[in-house]
Amino acid sequence: RVADPALTAGRALAGLLGADAGSVAEATAAPGAAALGTVASAPISDLVEHTIRASDNVLAEVLAREVAIERKAEPSFDGAAAQTLVALSQAGFDTAGAQLVDGSGLSTTDRVPAQLLGAVLAQAAAPAQGVRDTQFLRPIITGLPVAGGDGTLADRFTTGTPSSSGRGVVRAKTGTLTGVSSLAGIVTDADGRLLVFALMSNGVNPGLVRPKLDAIAAQLGRCGCH
């Protein structure tokens, strides 16, 4: 990643063309000038899916700042964090107890209640009821890694462990910091019901907690009680 992507790309192109890379400069094209090439970002839905599946912290921060930009606020750590909470609140989610200082969740001062995570997941996974439904939340679900299959869950829920029954059934987003481990997602139980869960552990080595969180999520999939 570079601070001046436009100049960096221009200089790289100049080098490939055999031109003087040092002569490349930013300028405004004349009206009606022919476009030599364009670059477009992937759709936000694709970026959200990738962020969740790969746990891309940088892209998570970028998306939070896009929220700030859309809401005419400063695209900074503070602006992105504040506007994310405001957007959630205006969408009807209870943000009581939530505290954000960044968009990636890397700060140890971030606080997100399990209930809020569960509420967002439940809304994203809910069946469509009408044209006003928040279909734009669906990439949150489609981006969730599959247990034992891909993303950050590719090497978890392994065969022969207490969580093995969750392979291919549990879909969840991981969260890891020093002394912090979380797992939030969805699972279909023995009765065919879609369940939402948000599990968190604080103060314990994630290496010790992860297998237990996986086992709990897998057990939910075996539940058949009403």
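Check the entry above for the structure.
Below you will find a few notes about this structure. These figures come from a predicted structure and were not determined experimentally.

Pairing geometry for strand S2 (residues 180–188) and strand S3 (residues 194–202), over nine bridges, is antiparallel. Paired with Ser 182 across the bridge in S3 is Met 200.

Bringing unusual backbone geometry into the picture now. You will see that Ser 55, though not glycine, has its phi angle at about 55°, which is positive. Here Ser 55 shows up in the loop between helix H2 (44–54) and helix H3 (57–70). Its identity as a non-glycine residue notwithstanding, Phe 157 has a phi of 60°, on the positive side. Considering the arrangement of structural elements, one finds Phe 157 in the loop between helix H6 (138–142) and strand S1 (171–177). Of the residues examined, Phe 157 reaches a relative accessible area of 1% and is grouped as buried.

Right, let's get into helix H7 (residues 206–222). Relative to the 24 Å expected for 17 residues at 1.5 Å per residue, H7 spans 24 Å between its end C-alpha atoms, a close match to the ideal helical length. Along H7, the residues classified as buried are Pro 206, Val 209, Leu 213, Asp 214, Ala 217, Ala 218 and Gly 221. In this structure, the buried side of H7 is in contact with S1, S2 and S3. Regarding H7, its N-cap is Asn 205, as a side-chain oxygen of that residue lies 2.8 Å from the backbone nitrogen of Gly 207 further along.

The next point concerns the layout of surface pockets. Estimated volume of the second largest pocket: approximately 290 Å³. Contributing to the lining of the second largest pocket are Ala 9, Gly 10, Leu 13, Ala 34, Leu 36, Gly 37, Thr 38 and Val 39. The class makeup of the residues in the lining of the second largest pocket is five nonpolar, three polar and no charged.

Attention now goes to the sheet that holds S3. The strand order across the open sheet formed by three strands is S1-S2-S3, and the pairing between neighbours is antiparallel. Sheet topology places S1 and S3 at the edges, where each strand pairs with a single neighbour. On average, each strand axis in the sheet is inclined to that of its neighbour by 5°, with strand direction left out of account. Docked against the sheet, H7 engages S1, S2 and S3, running at close to 15° with respect to S2.

Conventions and cut-offs
Residues numbered from 1 in each chain as written. Predicted model: local features only at pLDDT ≥ 70, side-chain atom pairs only at ≥ 80, totals over all residues. Heavy atoms only, no water. Pairing = 2+ DSSP bridges. Helix = DSSP H or I, 4+ residues; strand = E, 2+ residues; numbered from the N terminus. Buried < 20%, exposed > 50% of the residue type's maximum accessible area, 1.4 Å probe, protein only. Expected span 1.5 Å × (residues − 1). Contact = heavy atoms within 4.5 Å. Polar contact = N/O pair within 3.5 Å; in protein donor to acceptor, adjacent residues only side chain to side chain. 1 Å grid on protein atoms, 1.4 Å probe; cavity = no way out; pocket = protein on both sides within 12 Å on 5 of 7 lines; lining within 4 Å. Points joined across faces, edges and corners; volume = space filled by probe spheres on them. Nonpolar A, V, L, I, M, F, W, Y, C, P; charged D, E, K, R; others polar. Axes fitted to C-alpha atoms, helices over the stretch in contact; angles between N-to-C directions.

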